[in-house]
Amino acid sequence: MLERTLDKPLYQQLADALSNDIRSGIYPVGHKVPSVRKMSGLRGVSISTVSQAYGWLEDQGWLLARPQSGYYVRSSHAGMDQVNVIRMPVSSPEAIPSAVTKSELISDVLDQLNHPGRINLGATIPHASLMPQRQLQQHIQKVSRYQLSEVLAYQFSPGHIGLRQQLAIRMRDASVFCDADDIVISHGCVDALTLCLRASTHPGDLIAVESPCYYGFLQLAELLGLKVLEIPTDPATGVSLEALELALSQWPIKLLLLTARFSNPHGAVMPVARQKQLVAMARRYDIDLLEDDIYGELSHLTQSASHKHGSGQVTAITGLDGACTALKAWDTDGRVMYCSSFSKTLSAGLRIGWCIPGRHFDGVVRQQIFTTFSACSLSQETIHSYLQQGHYDRHLRKLRQTISSNRVRFQNALQQFFPPQTLISQPLGGYCLWIQLPDGVSSGLLFHLAREQSISIVPGSLFSNSERFEQYLRLNIARPWDDTVIQALETLGRLVTQLMQKV
Ligand SMILES: Cc1ncc(COP(=O)(O)O)c(C=O)c1O
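Keep in mind it's a predicted model, so treat the numbers as computed, not measured.

A.B. asks: Residues and numbers for the nonpolar core, please.
C.D. replies: Among the nonpolar cores identified, the biggest contains 78 residues, and L121, L290, L446, L475, L489 and L492 are the most heavily contacted of them. With seven residues, the single largest contributor to this core is helix α16 (residues 483-502). Once you skip the residues sitting within four places of it in the chain, L446 turns out to touch L437, I457, L473, L492, L495, V496 and L499.

A.B. asks: Break down the pairing of strand β13 (residues 432-436) for me, citing the residues and quoting the values.
C.D. replies: Among the five residues that make up β13, five are buried, leaving the element largely enclosed by the rest of the structure. Of the two faces of β13, the one carrying C432, W434 and Q436 and the one carrying L433 and I435 are both buried. Both strand β12 (residues 423-424) and β13 contribute to a ladder of two bridges, which runs antiparallel. Residue pairing for β13: I424 is matched across the bridge by I435.

A.B. asks: Give me the lowdown on the site of the ligand, citing residues and values where you can.
C.D. replies: As a matter of local geometry, the ligand sits amid 13 residues, with C189, D292, S341, S343 and K344 nearest to it. T124 has a polar side-chain atom sitting 3.2 Å from an oxygen atom of the ligand. Its free accessible area being 400 Å², the ligand has 91% of it covered by the protein chains. Its residues assigned to classes, the shell around the ligand shows five nonpolar, five polar and three charged.

A.B. asks: Describe the sheet that holds strand β15 (residues 458-459), and please don't skip the residues or the numbers.
C.D. replies: Spatially, β12-β13-β16-β15 is the arrangement adopted by the four strands of the open sheet, whose pairing is antiparallel. Two strands close off the open sheet at either side, each with one partner strand: β12 and β15. Of the pairings in the sheet, the one linking β15 to strand β16 (residues 472-476) comprises two bridges and is antiparallel in character. Counterpart to V458 in the pairing with β16 is R474. Set on the sheet, helix α14 (residues 392-417) makes contact with β12, β13 and β16; between it and β13 the angle comes to about 20°.

A.B. asks: Pulling in residues and values, what's your account of a nonpolar patch on the surface?
C.D. replies: A surface patch of nonpolar side chains, amounting to about 330 Å² of accessible area, comprises Y154, F156 and F373. Looking at the element boundaries, F156 is found in the loop between α6 (148-152) and α7 (161-170). Residue classification places F156 among the exposed positions, given a relative accessible area of 52%.

A.B. asks: Describe in detail the state of the cysteines, supporting the description with residues and values.
C.D. replies: A full pass over the atoms with the stated rule returns zero disulfides. Left without a disulfide partner, C189 is nearest to the cysteine sulfur of C339, which lies 5.6 Å away. Free of any disulfide, C196 has its nearest cysteine sulfur in C339, 3.9 Å distant. Using a relative accessible area of 0% as the deciding quantity, one classes C196 as buried.

A.B. asks: Now, about the side chain of Q380: what can you tell me, with residues and values included?
C.D. replies: With respect to the helices and strands, Q380 occurs in helix α13 (residues 377-389). In this structure Q380 comes out as buried when scored by relative accessible area, which is 0%. Setting aside chain neighbours within four positions, we find Q380 in contact with Q155, G159, H160, L163, I185, I352 and A375.

A.B. asks: How would you summarise helix α10 (residues 241-250) if you had to cite specific residues and measurements?
C.D. replies: Taken residue by residue, α10 has L241, A243, L244, A247 and L248 as its buried positions. One side of α10 holds all its buried residues, which, seen down the axis, span an arc of 155°. Exposed and oriented more than 90 degrees from the buried face of α10 are E242, L246, S249 and Q250.

Definitions and limits used
- Residues numbered from 1 in each chain as written.
- Predicted model: local features only at pLDDT ≥ 70, side-chain atom pairs only at ≥ 80, totals over all residues.
- Heavy atoms only, no water.
- Core = buried A, V, L, I, M, F, W, Y, C linked by side-chain atoms within 4.5 Å.
- Buried < 20%, exposed > 50% of the residue type's maximum accessible area, 1.4 Å probe, protein only.
- Helix = DSSP H or I, 4+ residues; strand = E, 2+ residues; numbered from the N terminus.
- Contact = heavy atoms within 4.5 Å.
- Pairing = 2+ DSSP bridges.
- Near = heavy atom within 4 Å.
- Polar contact = N/O pair within 3.5 Å; in protein donor to acceptor, adjacent residues only side chain to side chain.
- Areas by Shrake-Rupley, 256 points an atom, 1.4 Å probe, with all protein chains shown as cover.
- Nonpolar A, V, L, I, M, F, W, Y, C, P; charged D, E, K, R; others polar.
- Axes fitted to C-alpha atoms, helices over the stretch in contact; angles between N-to-C directions.
- Patch = residues over 30% accessible without salt bridge, like charges linked within 9 Å, V, L, I, M, F, W, Y side chains within 5 Å.
- Salt bridge = Lys/Arg side-chain N within 4 Å of Asp/Glu carboxyl O.
- Disulfide = S-S within 2.5 Å.
- Arc of directions from axis to C-beta.

Quick look at the structure:
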């Protein structure tokens, strides 16, 4: 029981006790803590004392409040006084648009995937064993057998109607209420992004991106002849709206390309209040928002987003936290273009993605008809058949559990093997861990040394056009946790220590 003392208020004693329980793993990350009422009974304190303690823990980053659901453990290392766990600094890119380079390094990173003996801790490609391969095989066989004519024919843009209907229903999990007719099926997520960018920009235009951002964004911009302005980004809450507003007041930005939920590489989630602010800002400055939500279904929180029902136009729902709400949920005039795919959750090789292009719908369809024509019919039929059977949510639940326990295991191993000056991100979802190496250690050098040991990582410099993230690296946690990973992390830790000693 807690006791009243003069030197520490009751709520603080309770908060301290709970943060100790979280740190020692009694309440693991992603799990729900007892309700305010239950905790009040357990600890013999008033409901308002518990509310105050939970509020304090939320402010400090230990807990995450999910409306109508309760409080969940957000971090097992919160508080600013921890030695080796993130609070990483907000990035500070130079405020000048730049041309893009780095494609050779990207080819180098991707080339490593072609070497079977190499352990992939780099590219965020989920390990085959985490995907429902046998089930997909059965559906490929089924549709090839019973729907051969459809499989061998075009599925004209905007794509398979049954699949679009299923996607429209699934989008409600992200609080996006759209119709099948608002959706275009694409050849993966990058194709969806390309179609949207082509429909909404012209070569020479300036777009803004998060910094750091998925290197594919920078490459795509280069291929489309777009200039890029990198906007500072907070590792926990995403792109800085203050910096964006300043940039919007100075530069003729056409659109912002971002990942609001579980960004790559930060794993950041933009809180609902900021999501709404961002959409309002886009309206004020009349820019488009291009949202890549490819990791949206890969929350590390144990409960999936609640199913909300509705129909017709995209409708705004209040009161959901950012992990459950796509930016598109707040779109009222079609300026948010939403893109995603099944590459991270089912199969990258089937190449099925989709977009909800809002006011650029006609432009996207036109682009598709005159470039790729349509997405692959066999893949569309297969995923439609798979989703229809209703096993996808069960698969996602299992996948989320694996990833979320992997994240804790990776973090613990990194703390054990890497020098104590290393900072590790606290993503709430997705497949990435973003790591800040000790001062002076170059992840570019580490990349080459690791490659000699058959370990693939992605150096931080790929995530920006500048060299600002040379000290960072990204790890892929979407693979089985086994001795090979442990040994690889131990080897990486040893290499980092050696590099640090040379500084
Ligand atoms: C943020 C992001 N968008 C898009 C992609 C690629 O998606 P797809 O394979 O569906 O084109 C990736 C892959 O790593 C990614 O991380």
